[in-house]
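Architecture at a glance
The primary structure of each chain is shown beneath.
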Amino acid sequence: MTSLTVSTAISSGRVQLVNVRQYTLLVAKLRVWFVVAAFTFIGVVALFRIAWLGVSGDGTDSRGMVGLPPRGEIVDRNGVPLARAFPAYSLWYNPKALGDGPALVKSPAEVAAALVAIFPDEDYAKLKARLASGKPQYLRRRIMPEDANRIHLLGEPALEFPRESERYYPQGSMAAHVLGLIGSNGHGRLGMEAVLDKQLTDPAARGAPAVLSLDSRVQGALEDELLKGMHLSNSKGAGGIVLDVDTGEVLALASLPSYNPNLIDPASVPNIFNRVTNQVYELGSVMKPITVASAIEAGVITDMAKRYPAGPLQIGGFTIHDSHNFGASLNVPEALIHSSNIVTAQVADQLGGPRLKATMEALGFNRRPDIELPAGFPIWRKGEWPRITTMTVSYGHGLALTPMHLASAYAALVNGGIWRPATLRRLAPNEVPAGKRIWQASTSARMRQLLRMIVSVGTGRKADAAGYRVGGKTGSAEKATGHGYAKSSLITTFAAAFPMDKPRYVIIAMMDEPQGTVATSGQRTAAWNAAPVVGRVVPRIGPLLGIMPDATRDVDISDLAPLIGNGDGE
Amino acid sequence: MMLTRSHARSIGWAAILAVCFALTVALSFRVNAVKSQVRLTERRIAQLQVENGLLETEFETRANQQQLTALNEVDFGYQAPTPAQYFESERQLADLGKPRGPDAPPMIRVAANDAPPAGTSVLPAMVNPLTGKALGADQPKADKAEPKAAAKPAEARLAERGSATLVERLSRVEQLSHMEKSPKVIDRKVPGLAPRLAAKADPKAKAAPKLAKAEVKPAPAKAKAAEPKPASRLAKAAAPKSAAPKSAAKPVIKVALKAPAKAHPGKSDRVAIE
């Protein structure tokens, strides 16, 4: 008991000591933990920082964005760029470049004079006023690098030339009507730039170029030859199409005179109008094969040797004439070769308006052409056709179409009778539309013979490119004016396909108001201006498209050859 | 001062922590440095891509279709090839090599050593897939007695034979010993002369001009031997199809110009008349 007390007494002093010691230990431990926690925190923060840097960094450019153009490229079917982003210089006026003092080192008048010396088309007074205004602004968009160097030599820090991504068309005016334009807001305003605008601006899709069905080599050859033909015949304009008959892909589409989409000036604005898809024309005799094919299909023409009277045809106060007198009678092959309106009208009369109209509706002549570009609406007579309308439509009057309509119809005429919509997108083999049958294969085969004969012995002889088995039909129509037809202004068209033993491509060449010149022997008709263009284009594009000239092959026309005499006509 | 154990330990900890901290900072700097290097490289890549695009665009602009057309019109004048410049098949090509007419004068001989030396095979040597060397390549080395000069042309000939394209092989005029007894001579120097002689001697022998054609051909074909072979048809010029039609016509036009030019000089005519 005592010992217990004593021990208690002693221990009470010790207890206090122990408490102090425990307390000190606790404090020390807490301090250690505190320090450890602090260091751990710092370590963790450092690690996070490292991890953060490793994962994201503070760079603004992520790897994926490098090289992504602000607007997607447009390329042709072989990958040749037709439109691309191009970092061009622009001239920017920054009055704050020298701080708060005067904006320019020299006087605005001197600087304006120096700038006008570099850009002669600038207006001195306006430029001087803009420089004097002291507002930051673009003085000029898209300047050449050498001009930028010359501006640099002026020694004006306020004149800056930042590089800005601009739309550039390396091929210049080539295929301008297909490509179109982009507005100052960076969005497409015309042509495929407008059609493909969504794809070209979508960040997910614009990395890959948009592929068109055009072939730049074919386009170049077509434009070149059309331009030559246009100059030789003094035409106001020209148009042309090359169309794949089996897929409906447009390999070339030209409207001349063209414009340079890189530089739109007031002089080139009228040329932006596309003659091939926007304008409708009465195409004339090129419609005759379509009438004849419909008649063969309907069983109206069963005998190619049957002769029709070829004298002027009186229909209710209206007389149908031919360009020449071809004798008392003609059969169908002769009518096509000499391009007889009278015989074609009789064939159409036998065929009847409803059947001719049904064929033409199936060919899409009563609606806008199937093409991505904005297109013109045909002049199409609705309701039941009177007899005279049937007859005039049969040889291409009283019905106005775009050349695009004609190209698709000719493709169906020669490819075995299948009509397909035309397109400017390159089609993979599995994307080719099935199309719809307009004519039987036998009708198409007969038409190939007839078209080939027109070129080998008829009005289209100037288009007969040796070895390419070209077949086609000329058409020269007087332009319709407010009242009647203008005798002096023609639209001449040559619609052709080659090679006729297995047609692959349709070519349309069209001249707007050609004149008789020395080069065209004083003639104005399609045989003298549009047909030679086809005759020159085909040898240039044939080998590029895998069609080799071969003088040993041709369409077999031995059953029709005895039916024709030789002669000229339109 | 006496260092207690706990002091020493805490100083140790502190030192380790300091080292760790320093390492962390150093590592962080390093990471930042690498990161900024990557950024700079990316910027450089982007810059180079822009530059590349610029150069590409410039090239495309300078070589656009209109420029090429203008260039061709002013400087070259190439035209689209005519059907006569194409062959339908090898058979058609072979068809041109008809035997000479009965009264045709003997052709002019020129020296040529086309026959491969005995013992060399026309087949290319087999290549060891492991070493990549020809299987027979070691043997000539072992036999040092063989002079190097002799070995070299043989090797060159072998390479030539192995790599000869179809066009080159077709364009080679070989001796047709089984067809005619008098040796047919390869006339490369005066391509137009011999057929003209033949034609003058016997105007009815229509085979002669065709023969001439066949013999003129080796010149362009050889010049263009390195070009790819056309897929289905043999262009006489052996020009690639991918080229513009104008350029395809180039070698042929040259031949067409060359043949009359060489035939024209009065000398050869006079020889024939005399």
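Residues numbered from 1 in each chain as written. Chains lettered and ligands numbered in written order. Predicted model: local features only at pLDDT ≥ 70, side-chain atom pairs only at ≥ 80, totals over all residues. Heavy atoms only, no water.

**So, the overall build of chain A**
Selection rule: A helix here means a DSSP run of H or I that spans at least four residues, while a strand means a run of E at least two residues long, and both kinds are numbered starting from the N terminus. Between buried and exposed lies partly exposed: a residue is buried under 20% and exposed over 50% of the maximum accessible area for its type, with that area taken using a 1.4 Å probe on protein chains only. In this description, contact between two residues means that some pair of their heavy atoms is separated by no more than 4.5 Å. Residue burial considers only the protein chains on display, and all accessible areas are found by Shrake-Rupley using a 1.4 Å probe.
Counting its regular elements, chain A contains 16 helices and 21 strands. Buried residues in chain A amount to 53% of all 570 residues. Residue pairs at least 24 apart in sequence account for 72% of intrachain contacts in chain A once pairs closer than 6 positions are excluded. Surface accessibility of chain A: about 25,000 Å² in total, with carbon and sulfur atoms responsible for 58%.

**Considering the nonpolar core**
Residues and elements named next belong to chain A. To keep it simple, the criterion reads: Nine residue types can take part in a nonpolar core, namely buried Ala, Val, Leu, Ile, Met, Phe, Trp, Tyr and Cys, and a core is a set of them joined through side-chain atoms within 4.5 Å.
The biggest cluster of nonpolar side chains holds 85 residues, and the ones touching the most others in it are V250, M360, F365 and V506. Top element by residues in this core is helix α14 (residues 403–414). It accounts for 9 residues. Residues contacting V250, with those up to four places away along its chain left out, are S213, L214, I241, V242, L243, I371, M404, A422, T423 and L424. A252, F498, V534 and I547 belong to the second-largest nonpolar core, a separate cluster that totals 33 residues.

**Some thoughts on the pattern of salt bridges**
Once their charged atoms are close, side chains differing in charge can pair, the charge on each being opposite to the other. Residue and element names in this part refer to chain A. In plain terms, the rule: Think of a salt bridge as a Lys or Arg side-chain nitrogen and an Asp or Glu carboxyl oxygen that are within 4 Å of each other.
Counted according to the given criterion, the structure contains 32 salt bridges over all chains. Of the charged contacts, one joins R71 and D197 as a salt bridge, the two residues approaching to 2.7 Å between their closest N and O atoms. One end of the pair, R71, is in the loop between α1 (2–55) and β1 (74–75); the other, D197, is in helix α7 (residues 197–201), and 126 residues separate them in sequence. We note that R71, like D197, is buried.

**Looking at helix α12 (residues 353–362) of chain A**
All names here are of chain A. This is how the line gets drawn: When we speak of the arc, we mean the arc of directions from the helix axis to the C-beta atoms.
Within α12 the residues assigned to the buried category are G353, L356, K357, T359 and M360. Down the axis of α12, the sector holding all buried residues measures 160°, keeping them to one side. Packed against the buried residues of α12 are α9 (288–297), α11 (341–351) and α13 (387–394). Looking one or two places after α12, you find G364, whose phi comes out positive at around 80°.

**A few points about the sheet that holds strand β20 (residues 485–498) of chain A**
All names here are of chain A. This is how it is decided: Pairing between two strands requires that DSSP report at least two bridges joining them. Every axis in this analysis is a line fitted to C-alpha atoms, fitted for helices over the stretch in contact. Angles between the N-to-C directions lie between 0 and 180 degrees.
Pairing within the open sheet is antiparallel, and its 5 strands lie in the order β10-β9-β21-β20-β19. Either end of the sheet is taken by a strand with one partner, and the two such strands are β10 (250–256) and β19 (471–480). The mean angle between the axes of side-by-side strands here comes to 10°, regardless of whether they run parallel or antiparallel. Note: β20 against strand β21 (residues 505–512), 8 bridges, orientation antiparallel. From the neighbouring strand, A497 faces β21, where its bridge partner is V506. Sitting on the sheet, α14 is in contact with β9 (237–244), β10, β19, β20 and β21, with an inclination near 150° to β21.

**Side note on the confidence of the model for chain B**
Residue and element names in this part refer to chain B. Stated precisely, the cut-off is as follows: Think of pLDDT as the predictor's per-residue confidence, scored from 0 to 100.
Overall, the prediction assigns chain B a mean pLDDT of 62, with 43% of residues at 70 or greater. Averaged over each element, pLDDT in chain B is lowest for helix α11 (residues 266–273) (34) and highest for helix α2 (residues 65–76) (91). If you check the scores for this complex, the pTM reads 0.69 and the ipTM reads 0.75.

**Describing the environment of A:M453**
Residue and element names in this part refer to chain A. Examined against the element boundaries, M453 turns out to sit in helix α15 (residues 441–457). Overall, the relative accessible area of 1% leaves M453 in the buried class. In the structure, M453 is positioned 17 residues away from V470 in sequence and 9.4 Å away in space, judged by C-alpha atoms. With sequence-adjacent residues up to four places away left out, M453 is seen in contact with P333, I337, G458, I557, L560, A561 and I564.

**Here's the deal with the packing of helix α2 (residues 108–118) of chain A against helix α3 (residues 124–133) of chain A**
Residues and elements named next belong to chain A. As a reminder, the rule being used: By the definition adopted for this analysis, an angle is roughly parallel if under 35 degrees, roughly antiparallel if over 145, roughly perpendicular if from 65 to 115, and oblique otherwise. The crossing is said to be left-handed when, going from far helix to near helix, the turn is anticlockwise and less than a right angle, and right-handed when the turn is clockwise. Here the nonpolar group is Ala, Val, Leu, Ile, Met, Phe, Trp, Tyr, Cys and Pro; Asp, Glu, Lys and Arg are the charged ones; every other residue, Gly included, is treated as polar.
Put simply, α2 and α3 touch, their axes get as near as 9 Å, and they point 135° apart. One finds that α2 runs oblique with respect to α3. Crossing handedness for the pair α2 and α3: right-handed. Between α2 and α3, the contacting residues are P108, A109, V111, A112, A113, L115 and V116 on the first element and Y124, L127, K128, L131 and A132 on the second. When the residues that make up the contact of α2 with α3 are grouped by side-chain class, the tally is 11 nonpolar, no polar and 1 charged.

**A closer look at unusual backbone geometry**
Residue and element names in this part refer to chain A. At the junction of L256 and P257, the peptide bond is cis and its omega measures out at -5° in the coordinates. Mapped onto the fold, P257 is located in the loop between β10 and β11 (281–282). Omega for the bond connecting F498 with P499 falls within 30 degrees of zero, at -20°, which places this linkage in the cis form. Along the chain, the position of P499 falls in the loop between β20 and β21. Of note in this structure, N234 is not a glycine but carries a positive phi near 55°.

**Quick notes on the packing of aromatic side chains**
Residues and elements named next belong to chain A. Going by this rule: Any two rings among Phe, Tyr and Trp, with Trp reduced to its six-membered ring, count as a pair given centres within 6.5 Å; such a pair is stacked if its planes are under 30 degrees apart, edge-to-face if over 60, and tilted if neither. Two conditions define a charge located above a ring, namely a distance within 6 Å from the ring centre to NZ of Lys or CZ of Arg, and an angle within 35 degrees of the ring normal.
Per the stated rule, a full pass over the model turns up 7 aromatic pairs over all chains. Both rings, one in W380 and one in W385, keep their centres 5.2 Å apart while their planes meet at 65°; by these two values the pair is edge-to-face. Since its relative accessible area comes to 13%, W380 is described here as buried. Ring geometry for Y468 against F498: centres 6.5 Å apart, planes inclined by 80°, an arrangement best described as edge-to-face. With a gap of 30 residues between them, Y468 in the loop between α15 and β19 and F498 in strand β20 connect regions that are remote in the sequence. An aromatic cluster is present here, built from Y468, F498 and Y505 joined pairwise through their rings. The ring centre of Y138 lies 4.0 Å from the NZ or CZ of R141, which sits over that ring.

**Observations concerning a nonpolar patch on the surface**
Quick reminder of the rule: Nonpolar side chains (Val, Leu, Ile, Met, Phe, Trp, Tyr) are joined into patches within 5 Å and like charges within 9 Å, using only residues with over 30% relative accessible area and no salt bridge.
A cluster of nonpolar side chains, A:F34, A:V35, A:F39, A:F41, A:I42, A:V45 and B:F21, forms an exposed patch at the surface whose accessible area comes to about 670 Å². In terms of residue count, the dominant contributor to the nonpolar patch is α1(A) (6 residues). Relative to the elements of secondary structure, A:F41 occurs in helix α1. By relative accessible area, which is 57% here, A:F41 ends up exposed.

**Here's the deal with the environment of A:G535**
Residues and elements named next belong to chain A. Relative to the elements of secondary structure, G535 occurs in helix α16 (residues 526–541). Taking the relative accessible area as the measure of exposure, G535 reaches 13% and is therefore buried. For the pair G535 and A465, spaced 70 residues apart in the sequence, the C-alpha separation amounts to 5.0 Å.

**Structural notes on α11(A)**
Residue and element names in this part refer to chain A. Inclusion rule: Pairs of N or O atoms are called polar contacts if they sit within 3.5 Å, as long as, within protein, a hydrogen donor faces a hydrogen acceptor (for residues adjacent in sequence, only side-chain-to-side-chain pairs).
By the criterion of burial, α11 is predominantly enclosed, with 9 of the 11 residues buried. Along α11, the positions that sit buried rather than exposed are N341, I342, V343, T344, A345, Q346, V347, A348 and L351. The opening residue of α11, the one whose side-chain oxygen lies 3.4 Å from the backbone nitrogen of I342, is S340. Directly beyond the C-terminal end of α11, a positive phi value near 95° is found at G352.

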